[in-house]
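Each chain is listed here by its residues.
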Amino acid sequence: MKSFGSYISKYLVSFVAFILILLFLNAVVFGLTFQKIVTEDYGDSSPQSMLEMTATAATPEQLSDEAVQMLRQNHIWAIYLNTDGQCYWSVDLPDNVPKNYTIQDVALFSKGYIEDYPVFIWNTDDGLLVLGYPTDSYTKLTSNYYSIAALQRLPIFVLGMLGLDVLCLFSAYYFSKRRIIHNTEPIVSAVETLADGKPVSLHISGELSEIASSVNKASSILNRQNEARANWISGVSHDIRTPLSMIMGYAGRIAESKAASKSIREQAEIVRKQSVKIKELVQDLNLVSQLEYEMQPLHKEMVRLSKLLRSYVADLLNTGISDSYNIGIKITPDAENAVLECDARLISRAINNLVQNSIKHNPQGCEVCLSLTTSQNHLILAVTDNGTGLSAEKLQELEEKPHYMESTDERLDLRHGLGLLIVQQVAIAHNGNFKLTNVFPKGCESTLIFPYIG
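Here is what the cut-offs are and how they apply
Residues numbered from 1 in each chain as written. Predicted model: local features only at pLDDT ≥ 70, side-chain atom pairs only at ≥ 80, totals over all residues. Heavy atoms only, no water. UniProt positions renumbered as here; feature names shortened; annotations may be inferred. Helix = DSSP H or I, 4+ residues; strand = E, 2+ residues; numbered from the N terminus. Buried < 20%, exposed > 50% of the residue type's maximum accessible area, 1.4 Å probe, protein only. Contact = heavy atoms within 4.5 Å. Areas by Shrake-Rupley, 256 points an atom, 1.4 Å probe, with all protein chains shown as cover. Pairing = 2+ DSSP bridges. Axes fitted to C-alpha atoms, helices over the stretch in contact; angles between N-to-C directions. Patch = residues over 30% accessible without salt bridge, like charges linked within 9 Å, V, L, I, M, F, W, Y side chains within 5 Å. Salt bridge = Lys/Arg side-chain N within 4 Å of Asp/Glu carboxyl O. Polar contact = N/O pair within 3.5 Å; in protein donor to acceptor, adjacent residues only side chain to side chain. Core = buried A, V, L, I, M, F, W, Y, C linked by side-chain atoms within 4.5 Å. Arc of directions from axis to C-beta.

Named according to an unreviewed UniProt entry, the protein is histidine kinase originating from Roseburia faecis. The annotation that UniProt attaches to the protein under Catalytic activity (unreviewed entry) is "ATP + protein L-histidine = ADP + protein N-phospho-L-histidine." One UniProt comment on the protein, placed under Subcellular location (unreviewed entry), says "Membrane".

Rendered as C-alpha coordinates:
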(Lines give C-alpha, C1' and ligand atoms only; values in the text may rest on other atoms or scores of the structure.)
Protein backbone atom coordinates (compact mmCIF):
# COMPACT_ATOMS: atom_id res chain seq x y z
CA MET A 1 0.00 0.00 0.00
CA LYS A 2 1.21 3.50 -0.83
CA SER A 3 0.21 4.85 2.58
CA PHE A 4 2.24 2.20 4.41
CA GLY A 5 5.22 2.86 2.14
CA SER A 6 4.94 6.58 2.88
CA TYR A 7 4.72 5.79 6.58
CA ILE A 8 7.95 3.73 6.51
CA SER A 9 9.70 6.27 4.26
CA LYS A 10 8.80 9.04 6.68
CA TYR A 11 10.53 7.25 9.53
CA LEU A 12 13.57 6.38 7.41
CA VAL A 13 13.98 10.03 6.38
CA SER A 14 13.55 11.09 10.01
CA PHE A 15 16.23 8.60 11.08
CA VAL A 16 18.70 9.83 8.41
CA ALA A 17 18.03 13.44 9.44
CA PHE A 18 18.65 12.46 13.06
CA ILE A 19 22.01 10.88 12.12
CA LEU A 20 23.06 14.04 10.26
CA ILE A 21 22.06 16.23 13.20
CA LEU A 22 23.99 13.92 15.53
CA LEU A 23 27.11 14.21 13.35
CA PHE A 24 26.76 18.01 13.34
CA LEU A 25 26.46 18.04 17.13
CA ASN A 26 29.56 15.85 17.38
CA ALA A 27 31.48 18.38 15.30
CA VAL A 28 30.21 21.25 17.46
CA VAL A 29 31.15 19.46 20.69
CA PHE A 30 34.57 18.60 19.22
CA GLY A 31 35.13 22.24 18.34
CA LEU A 32 34.09 23.43 21.79
CA THR A 33 36.24 20.80 23.49
CA PHE A 34 39.43 21.43 21.52
CA GLN A 35 38.97 25.09 20.62
CA LYS A 36 41.41 26.40 23.22
CA ILE A 37 43.99 23.72 22.43
CA VAL A 38 43.75 24.28 18.69
CA THR A 39 44.05 28.03 19.24
CA GLU A 40 47.12 27.55 21.37
CA ASP A 41 48.73 25.10 18.94
CA TYR A 42 47.99 26.98 15.74
CA GLY A 43 47.19 30.52 16.91
CA ASP A 44 49.31 33.41 18.13
CA SER A 45 50.62 31.39 21.10
CA SER A 46 51.57 28.31 19.06
CA PRO A 47 55.23 27.23 19.04
CA GLN A 48 55.60 28.29 15.40
CA SER A 49 54.17 31.76 16.03
CA MET A 50 56.16 32.26 19.21
CA LEU A 51 59.37 31.24 17.45
CA GLU A 52 58.77 33.70 14.61
CA MET A 53 57.83 36.49 17.03
CA THR A 54 60.87 35.89 19.27
CA ALA A 55 63.31 35.54 16.38
CA THR A 56 62.11 38.84 14.95
CA ALA A 57 62.53 40.62 18.27
CA ALA A 58 65.88 39.00 19.20
CA THR A 59 69.45 40.29 18.72
CA PRO A 60 72.68 38.84 20.13
CA GLU A 61 72.64 41.55 22.77
CA GLN A 62 69.05 41.38 24.03
CA LEU A 63 65.37 40.51 23.52
CA SER A 64 62.68 43.16 23.37
CA ASP A 65 60.53 43.73 26.43
CA GLU A 66 57.35 42.96 24.49
CA ALA A 67 58.74 39.55 23.46
CA VAL A 68 59.84 38.81 27.03
CA GLN A 69 56.35 39.65 28.29
CA MET A 70 54.77 37.36 25.66
CA LEU A 71 57.08 34.51 26.66
CA ARG A 72 56.28 34.89 30.35
CA GLN A 73 52.52 35.08 29.70
CA ASN A 74 52.74 31.65 28.06
CA HIS A 75 55.19 30.21 30.66
CA ILE A 76 57.95 29.80 28.06
CA TRP A 77 61.66 30.07 28.74
CA ALA A 78 64.18 31.02 26.04
CA ILE A 79 67.90 30.81 25.33
CA TYR A 80 69.87 32.26 22.40
CA LEU A 81 73.02 30.33 21.42
CA ASN A 82 75.82 31.44 19.13
CA THR A 83 77.41 29.20 16.51
CA ASP A 84 79.78 27.76 19.13
CA GLY A 85 76.92 26.76 21.49
CA GLN A 86 77.60 29.62 23.93
CA CYS A 87 74.71 31.60 25.42
CA TYR A 88 74.05 35.16 24.22
CA TRP A 89 71.17 35.63 26.69
CA SER A 90 68.32 33.71 28.34
CA VAL A 91 64.85 34.40 29.69
CA ASP A 92 63.56 32.57 32.78
CA LEU A 93 65.95 29.67 32.18
CA PRO A 94 65.31 26.83 34.71
CA ASP A 95 68.18 26.03 37.06
CA ASN A 96 68.65 22.52 35.71
CA VAL A 97 69.00 23.69 32.12
CA PRO A 98 72.60 24.38 31.05
CA LYS A 99 73.59 27.57 29.20
CA ASN A 100 76.32 26.17 26.96
CA TYR A 101 76.03 23.24 24.53
CA THR A 102 78.19 21.24 22.19
CA ILE A 103 77.18 20.41 18.64
CA GLN A 104 76.21 16.91 19.82
CA ASP A 105 73.92 18.40 22.49
CA VAL A 106 72.24 20.56 19.89
CA ALA A 107 71.72 17.54 17.62
CA LEU A 108 70.04 15.68 20.47
CA PHE A 109 67.66 18.36 21.76
CA SER A 110 66.76 19.86 18.38
CA LYS A 111 64.13 17.14 17.84
CA GLY A 112 63.02 16.57 21.42
CA TYR A 113 63.65 17.72 24.94
CA ILE A 114 66.09 19.46 27.26
CA GLU A 115 65.75 18.06 30.77
CA ASP A 116 62.15 16.89 30.01
CA TYR A 117 61.18 20.33 28.68
CA PRO A 118 59.79 20.14 25.13
CA VAL A 119 61.87 22.60 23.11
CA PHE A 120 61.42 24.27 19.72
CA ILE A 121 64.30 25.84 17.78
CA TRP A 122 64.69 28.58 15.19
CA ASN A 123 67.85 29.09 13.16
CA THR A 124 68.90 32.74 12.68
CA ASP A 125 71.88 34.44 11.05
CA ASP A 126 73.47 35.04 14.43
CA GLY A 127 72.77 31.70 16.08
CA LEU A 128 70.14 29.26 17.35
CA LEU A 129 67.03 30.40 19.22
CA VAL A 130 65.59 27.79 21.64
CA LEU A 131 62.15 28.08 23.29
CA GLY A 132 61.28 25.71 26.13
CA TYR A 133 57.70 24.89 27.14
CA PRO A 134 56.40 23.45 30.47
CA THR A 135 56.95 19.72 30.88
CA ASP A 136 53.19 18.96 30.73
CA SER A 137 52.42 21.03 27.64
CA TYR A 138 53.61 19.02 24.59
CA THR A 139 54.87 15.62 23.59
CA LYS A 140 57.22 15.36 20.62
CA LEU A 141 57.76 12.52 18.18
CA THR A 142 60.66 13.17 15.77
CA SER A 143 59.82 16.43 14.05
CA ASN A 144 56.11 16.51 15.05
CA TYR A 145 54.72 17.88 18.25
CA TYR A 146 51.41 17.17 19.98
CA SER A 147 49.58 18.85 22.77
CA ILE A 148 49.53 16.68 25.89
CA ALA A 149 46.26 18.32 26.93
CA ALA A 150 44.81 17.29 23.57
CA LEU A 151 46.08 13.74 23.95
CA GLN A 152 44.66 13.59 27.47
CA ARG A 153 41.28 14.89 26.40
CA LEU A 154 41.02 12.81 23.23
CA PRO A 155 40.18 9.41 24.89
CA ILE A 156 37.69 11.12 27.20
CA PHE A 157 36.17 12.92 24.23
CA VAL A 158 35.96 9.74 22.12
CA LEU A 159 34.46 7.66 24.94
CA GLY A 160 32.12 10.46 25.99
CA MET A 161 30.89 11.17 22.47
CA LEU A 162 30.58 7.46 21.73
CA GLY A 163 28.49 6.96 24.86
CA LEU A 164 26.42 10.04 24.06
CA ASP A 165 25.89 8.90 20.46
CA VAL A 166 24.84 5.43 21.60
CA LEU A 167 22.46 6.99 24.12
CA CYS A 168 20.99 9.30 21.47
CA LEU A 169 20.63 6.47 18.96
CA PHE A 170 19.01 4.23 21.56
CA SER A 171 16.67 7.05 22.59
CA ALA A 172 15.76 7.64 18.95
CA TYR A 173 15.19 3.90 18.47
CA TYR A 174 13.15 3.62 21.68
CA PHE A 175 10.87 6.58 21.01
CA SER A 176 10.51 5.68 17.32
CA LYS A 177 9.57 2.14 18.33
CA ARG A 178 7.05 3.45 20.86
CA ARG A 179 5.53 5.75 18.28
CA ILE A 180 5.36 3.03 15.63
CA ILE A 181 3.83 0.60 18.12
CA HIS A 182 1.39 3.28 19.24
CA ASN A 183 0.33 3.85 15.62
CA THR A 184 0.25 0.20 14.52
CA GLU A 185 -0.91 -1.55 17.71
CA PRO A 186 -4.61 -0.73 17.10
CA ILE A 187 -4.29 -2.20 13.59
CA VAL A 188 -2.52 -5.36 14.84
CA SER A 189 -5.08 -5.76 17.62
CA ALA A 190 -7.91 -5.27 15.13
CA VAL A 191 -6.45 -7.90 12.79
CA GLU A 192 -6.16 -10.37 15.71
CA THR A 193 -9.76 -9.64 16.68
CA LEU A 194 -10.80 -10.03 13.05
CA ALA A 195 -9.00 -13.39 12.93
CA ASP A 196 -11.21 -14.54 15.83
CA GLY A 197 -14.25 -13.73 13.70
CA LYS A 198 -15.28 -10.68 15.72
CA PRO A 199 -16.18 -7.30 14.20
CA VAL A 200 -13.83 -4.34 14.59
CA SER A 201 -13.98 -0.62 13.94
CA LEU A 202 -10.82 1.47 13.54
CA HIS A 203 -10.61 5.26 13.58
CA ILE A 204 -7.05 6.21 12.54
CA SER A 205 -5.93 9.32 10.69
CA GLY A 206 -2.69 10.00 8.86
CA GLU A 207 -0.62 7.65 6.71
CA LEU A 208 -2.24 4.48 8.13
CA SER A 209 -5.81 5.57 7.54
CA GLU A 210 -5.94 3.57 4.29
CA ILE A 211 -4.96 0.37 6.10
CA ALA A 212 -7.54 1.08 8.83
CA SER A 213 -10.18 1.60 6.15
CA SER A 214 -9.28 -1.76 4.56
CA VAL A 215 -9.52 -3.53 7.94
CA ASN A 216 -12.91 -1.93 8.58
CA LYS A 217 -14.08 -3.02 5.15
CA ALA A 218 -12.93 -6.60 5.74
CA SER A 219 -14.65 -6.58 9.14
CA SER A 220 -17.89 -5.35 7.57
CA ILE A 221 -17.78 -8.07 4.89
CA LEU A 222 -16.98 -10.78 7.45
CA ASN A 223 -19.71 -9.56 9.77
CA ARG A 224 -22.29 -9.62 6.96
CA GLN A 225 -21.22 -13.13 6.01
CA ASN A 226 -21.46 -14.35 9.60
CA GLU A 227 -24.88 -12.76 10.04
CA ALA A 228 -26.05 -14.27 6.74
CA ARG A 229 -24.81 -17.72 7.76
CA ALA A 230 -26.38 -17.49 11.22
CA ASN A 231 -29.66 -16.18 9.82
CA TRP A 232 -29.70 -18.93 7.19
CA ILE A 233 -29.17 -21.62 9.84
CA SER A 234 -31.83 -20.06 12.03
CA GLY A 235 -34.26 -19.84 9.11
CA VAL A 236 -33.67 -23.43 8.02
CA SER A 237 -34.07 -24.61 11.62
CA HIS A 238 -37.39 -22.78 11.86
CA ASP A 239 -38.62 -24.11 8.51
CA ILE A 240 -37.74 -27.69 9.42
CA ARG A 241 -39.66 -27.68 12.70
CA THR A 242 -43.20 -27.74 11.22
CA PRO A 243 -42.76 -30.62 8.71
CA LEU A 244 -40.61 -32.49 11.23
CA SER A 245 -43.30 -32.20 13.90
CA MET A 246 -45.85 -33.56 11.41
CA ILE A 247 -43.54 -36.50 10.57
CA MET A 248 -43.02 -37.25 14.25
CA GLY A 249 -46.77 -37.01 14.94
CA TYR A 250 -47.81 -39.29 12.09
CA ALA A 251 -45.01 -41.76 12.84
CA GLY A 252 -46.05 -41.88 16.49
CA ARG A 253 -49.70 -42.50 15.59
CA ILE A 254 -48.72 -45.31 13.19
CA ALA A 255 -46.38 -46.85 15.77
CA GLU A 256 -49.24 -46.94 18.31
CA SER A 257 -51.94 -48.01 15.85
CA LYS A 258 -53.21 -51.54 16.36
CA ALA A 259 -54.57 -51.62 12.82
CA ALA A 260 -51.03 -51.53 11.37
CA SER A 261 -48.94 -54.62 11.10
CA LYS A 262 -46.04 -55.23 13.43
CA SER A 263 -43.40 -54.46 10.80
CA ILE A 264 -45.14 -51.19 9.89
CA ARG A 265 -45.28 -50.16 13.56
CA GLU A 266 -41.58 -50.98 13.99
CA GLN A 267 -40.67 -48.94 10.93
CA ALA A 268 -42.82 -46.05 12.14
CA GLU A 269 -41.06 -46.17 15.51
CA ILE A 270 -37.69 -46.00 13.70
CA VAL A 271 -38.91 -42.97 11.73
CA ARG A 272 -40.07 -41.30 14.94
CA LYS A 273 -36.74 -41.90 16.74
CA GLN A 274 -34.72 -40.67 13.78
CA SER A 275 -36.95 -37.62 13.54
CA VAL A 276 -36.22 -36.88 17.20
CA LYS A 277 -32.47 -37.07 16.39
CA ILE A 278 -32.95 -34.68 13.46
CA LYS A 279 -34.87 -32.28 15.72
CA GLU A 280 -32.08 -32.36 18.35
CA LEU A 281 -29.45 -31.92 15.64
CA VAL A 282 -31.22 -28.86 14.24
CA GLN A 283 -31.53 -27.39 17.73
CA ASP A 284 -27.85 -28.03 18.41
CA LEU A 285 -26.89 -26.54 15.06
CA ASN A 286 -28.86 -23.40 15.80
CA LEU A 287 -27.37 -23.10 19.31
CA VAL A 288 -23.79 -23.57 18.05
CA SER A 289 -24.35 -20.94 15.38
CA GLN A 290 -25.68 -18.45 17.91
CA LEU A 291 -22.80 -19.08 20.31
CA GLU A 292 -20.14 -18.95 17.61
CA TYR A 293 -21.34 -15.62 16.24
CA GLU A 294 -22.22 -14.27 19.71
CA MET A 295 -25.91 -14.04 18.85
CA GLN A 296 -26.92 -16.06 21.90
CA PRO A 297 -27.68 -13.69 24.81
CA LEU A 298 -26.15 -14.89 28.05
CA HIS A 299 -28.40 -14.68 31.09
CA LYS A 300 -25.66 -14.67 33.69
CA GLU A 301 -26.31 -14.97 37.39
CA MET A 302 -24.40 -16.11 40.45
CA VAL A 303 -24.73 -19.90 40.48
CA ARG A 304 -23.46 -22.37 43.09
CA LEU A 305 -22.13 -25.14 40.85
CA SER A 306 -22.30 -27.85 43.54
CA LYS A 307 -26.07 -27.30 43.77
CA LEU A 308 -26.38 -27.26 39.97
CA LEU A 309 -24.49 -30.57 39.67
CA ARG A 310 -26.66 -32.30 42.28
CA SER A 311 -29.85 -31.03 40.62
CA TYR A 312 -28.67 -32.26 37.23
CA VAL A 313 -27.80 -35.75 38.55
CA ALA A 314 -31.15 -35.99 40.34
CA ASP A 315 -33.04 -35.07 37.13
CA LEU A 316 -30.92 -37.54 35.15
CA LEU A 317 -31.68 -40.40 37.53
CA ASN A 318 -35.38 -39.52 37.48
CA THR A 319 -35.47 -39.99 33.70
CA GLY A 320 -34.94 -43.70 34.22
CA ILE A 321 -31.33 -44.16 33.13
CA SER A 322 -30.20 -47.75 32.56
CA ASP A 323 -28.87 -49.64 35.58
CA SER A 324 -25.65 -50.35 33.64
CA TYR A 325 -24.63 -46.73 34.23
CA ASN A 326 -23.57 -45.61 37.68
CA ILE A 327 -23.64 -41.82 38.15
CA GLY A 328 -21.62 -40.34 41.02
CA ILE A 329 -20.69 -36.88 42.35
CA LYS A 330 -17.41 -35.79 43.95
CA ILE A 331 -17.19 -32.23 45.32
CA THR A 332 -14.22 -31.05 47.37
CA PRO A 333 -14.88 -28.96 50.51
CA ASP A 334 -13.26 -25.84 49.02
CA ALA A 335 -15.55 -26.09 45.98
CA GLU A 336 -18.76 -26.78 47.91
CA ASN A 337 -19.73 -23.12 48.18
CA ALA A 338 -17.97 -21.96 45.02
CA VAL A 339 -20.11 -19.49 43.08
CA LEU A 340 -19.65 -18.77 39.37
CA GLU A 341 -21.26 -16.00 37.36
CA CYS A 342 -22.68 -17.92 34.43
CA ASP A 343 -25.70 -18.89 32.36
CA ALA A 344 -26.99 -21.88 34.32
CA ARG A 345 -28.97 -23.20 31.33
CA LEU A 346 -25.88 -23.33 29.10
CA ILE A 347 -23.68 -24.84 31.81
CA SER A 348 -26.29 -27.57 32.40
CA ARG A 349 -26.42 -28.16 28.65
CA ALA A 350 -22.64 -28.56 28.50
CA ILE A 351 -22.66 -31.01 31.45
CA ASN A 352 -25.46 -33.01 29.87
CA ASN A 353 -23.58 -33.22 26.55
CA LEU A 354 -20.50 -34.59 28.31
CA VAL A 355 -22.49 -37.16 30.31
CA GLN A 356 -24.48 -38.25 27.27
CA ASN A 357 -21.22 -38.51 25.33
CA SER A 358 -19.90 -40.99 27.93
CA ILE A 359 -23.17 -42.95 27.81
CA LYS A 360 -23.32 -42.96 24.02
CA HIS A 361 -19.78 -44.29 23.54
CA ASN A 362 -20.08 -46.94 26.25
CA PRO A 363 -23.23 -48.95 25.40
CA GLN A 364 -22.05 -51.81 27.62
CA GLY A 365 -22.28 -49.53 30.65
CA CYS A 366 -19.76 -47.61 32.76
CA GLU A 367 -19.31 -45.47 35.83
CA VAL A 368 -19.62 -41.72 35.31
CA CYS A 369 -18.28 -39.33 37.95
CA LEU A 370 -19.03 -35.59 38.01
CA SER A 371 -16.38 -33.77 40.07
CA LEU A 372 -15.94 -30.16 41.13
CA THR A 373 -12.64 -28.84 42.49
CA THR A 374 -10.70 -25.55 42.74
CA SER A 375 -7.05 -25.00 41.83
CA GLN A 376 -5.00 -21.80 41.46
CA ASN A 377 -7.93 -19.42 41.01
CA HIS A 378 -9.71 -21.83 38.66
CA LEU A 379 -12.90 -23.81 39.10
CA ILE A 380 -12.58 -27.26 37.51
CA LEU A 381 -15.68 -29.23 36.51
CA ALA A 382 -14.85 -32.69 35.18
CA VAL A 383 -16.90 -35.59 33.80
CA THR A 384 -14.93 -38.84 34.04
CA ASP A 385 -15.92 -42.36 32.96
CA ASN A 386 -14.16 -45.72 33.12
CA GLY A 387 -15.32 -46.82 29.68
CA THR A 388 -13.41 -47.61 26.53
CA GLY A 389 -11.84 -44.17 26.23
CA LEU A 390 -10.66 -42.67 22.97
CA SER A 391 -8.12 -44.00 20.55
CA ALA A 392 -5.03 -41.87 19.91
CA GLU A 393 -6.23 -41.24 16.36
CA LYS A 394 -9.68 -40.12 17.49
CA LEU A 395 -8.23 -37.86 20.20
CA GLN A 396 -5.90 -36.25 17.69
CA GLU A 397 -8.79 -35.85 15.24
CA LEU A 398 -10.86 -34.02 17.86
CA GLU A 399 -7.94 -31.71 18.70
CA GLU A 400 -6.71 -30.90 15.19
CA LYS A 401 -9.47 -31.24 12.62
CA PRO A 402 -12.04 -28.47 12.26
CA HIS A 403 -15.70 -29.02 12.77
CA TYR A 404 -17.85 -29.31 9.67
CA MET A 405 -19.24 -25.83 10.39
CA GLU A 406 -15.71 -24.54 9.74
CA SER A 407 -15.10 -26.78 6.74
CA THR A 408 -14.82 -25.53 3.18
CA ASP A 409 -14.79 -28.94 1.49
CA GLU A 410 -17.22 -31.86 1.28
CA ARG A 411 -15.37 -34.32 3.55
CA LEU A 412 -17.88 -33.92 6.35
CA ASP A 413 -17.44 -37.54 7.38
CA LEU A 414 -14.13 -36.58 8.97
CA ARG A 415 -15.71 -34.06 11.33
CA HIS A 416 -17.12 -34.83 14.76
CA GLY A 417 -20.61 -34.04 15.99
CA LEU A 418 -22.07 -30.93 17.55
CA GLY A 419 -22.14 -32.06 21.18
CA LEU A 420 -18.49 -31.36 22.03
CA LEU A 421 -18.51 -28.20 19.91
CA ILE A 422 -21.39 -26.86 22.02
CA VAL A 423 -19.37 -27.62 25.17
CA GLN A 424 -16.39 -25.77 23.76
CA GLN A 425 -18.49 -22.76 22.75
CA VAL A 426 -20.12 -22.63 26.19
CA ALA A 427 -16.66 -22.65 27.81
CA ILE A 428 -15.46 -19.82 25.54
CA ALA A 429 -18.61 -17.80 26.24
CA HIS A 430 -17.71 -17.97 29.96
CA ASN A 431 -13.98 -17.16 29.43
CA GLY A 432 -13.11 -20.76 30.18
CA ASN A 433 -11.38 -23.71 28.52
CA PHE A 434 -12.39 -27.22 27.52
CA LYS A 435 -10.03 -30.19 27.61
CA LEU A 436 -10.54 -33.83 26.61
CA THR A 437 -8.09 -36.55 27.75
CA ASN A 438 -7.83 -40.29 28.32
CA VAL A 439 -7.37 -41.54 31.89
CA PHE A 440 -5.39 -44.50 33.19
CA PRO A 441 -6.01 -47.41 33.04
CA LYS A 442 -9.09 -46.84 30.91
CA GLY A 443 -11.76 -44.25 30.39
CA CYS A 444 -12.07 -40.64 29.34
CA GLU A 445 -12.14 -37.31 31.17
CA SER A 446 -13.79 -34.12 29.89
CA THR A 447 -12.85 -30.99 31.80
CA LEU A 448 -14.34 -27.51 31.92
CA ILE A 449 -12.03 -24.91 33.49
CA PHE A 450 -13.39 -21.51 34.51
CA PRO A 451 -11.56 -18.52 36.05
CA TYR A 452 -12.64 -18.20 39.65
CA ILE A 453 -11.86 -15.83 42.52
CA GLY A 454 -12.84 -17.43 45.79
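Past the structure itself, the notes keep going.
### So, the overall build of the protein
A count of helices and strands for the protein gives twelve helices and 14 strands. Residues classed as buried in the protein amount to 35% of the 454 residues present. A separation of at least 24 residues holds for 60% of the contacts in the protein among residues at least 6 apart in sequence. Put simply, the protein shows about 27,700 Å² of open surface, and 56% of that area lies on carbon and sulfur atoms.

### Some points on the sheet that holds strand β14 (residues 444-451)
Pairing within the open sheet is mixed, and its five strands lie in the order β9-β11-β12-β14-β13. Every interior strand has two partners, whereas the edge strands, β9 (325-331) and β13 (433-438), have only one. Taking each pair of neighbouring strands and ignoring which way they run, the sheet shows an average axis angle of 15 degrees. Here strand β12 (residues 378-385) runs beside β14; their pairing, made up of eight bridges, is antiparallel. Its bridge partner lying in β14, leucine 379 is registered against phenylalanine 450.

### A look at the UniProt feature "transmembrane region" (unreviewed entry) in the protein
Those places that UniProt annotates as "transmembrane region" (unreviewed entry) correspond, in this numbering, to residues 12-34 and 154-175. End C-alpha atoms of residues 154-175 are separated by 31 Å, and the span's content is 100% helix alongside 0% strand.

### Describing a nonpolar patch on the surface
A cluster of nonpolar side chains, Ile21, Phe24, Leu25, Val28 and Leu32, forms an exposed patch at the surface whose accessible area comes to about 500 Å². When you line up the elements, isoleucine 21 lands in helix α1 (residues 2-42).

### Concerning the side chain of asparagine 82
Mapped onto the elements of the fold, asparagine 82 is located in the loop between β1 (77-81) and β2 (87-91). Among the polar contacts listed, one links the side chain of asparagine 82 to the backbone nitrogen of glutamine 86, at a separation of 2.7 Å. With sequence-adjacent residues up to four places away left out, asparagine 82 is seen in contact with Tyr88, Asp126 and Gly127.

### What about the nonpolar core?
Among the nonpolar cores identified, the biggest contains 43 residues, and Leu305, Ile347, Ile351, Val355, Leu370, Leu372 and Leu448 are the most heavily contacted of them. Discounting chain neighbours no more than four positions away, the residues touching leucine 370 are Leu309, Tyr312, Val313, Ile327, Gly328, Ile329, Lys330, Ile351, Val355, Ala382 and Val383. Of all hydrophobic cores here, the second largest spans 18 residues; its members include Met50, Trp89, Leu131 and Tyr138.

### A look at helix α3 (residues 65-73)
Three- or four-residue spacings in an α-helix give side chains the same orientation, since the helix completes a turn every 3.6 residues. Burial in α3 covers these residues: Ala67, Val68 and Leu71. Looking straight down α3, one finds that the buried residues subtend no more than 100 degrees of arc, so they occupy a single side. What points out from α3, more than 90 degrees from its buried face, is the exposed set Asp65 and Glu66. The positive-phi residue at the C-terminal boundary of α3 is histidine 75, with phi of around 60 degrees.

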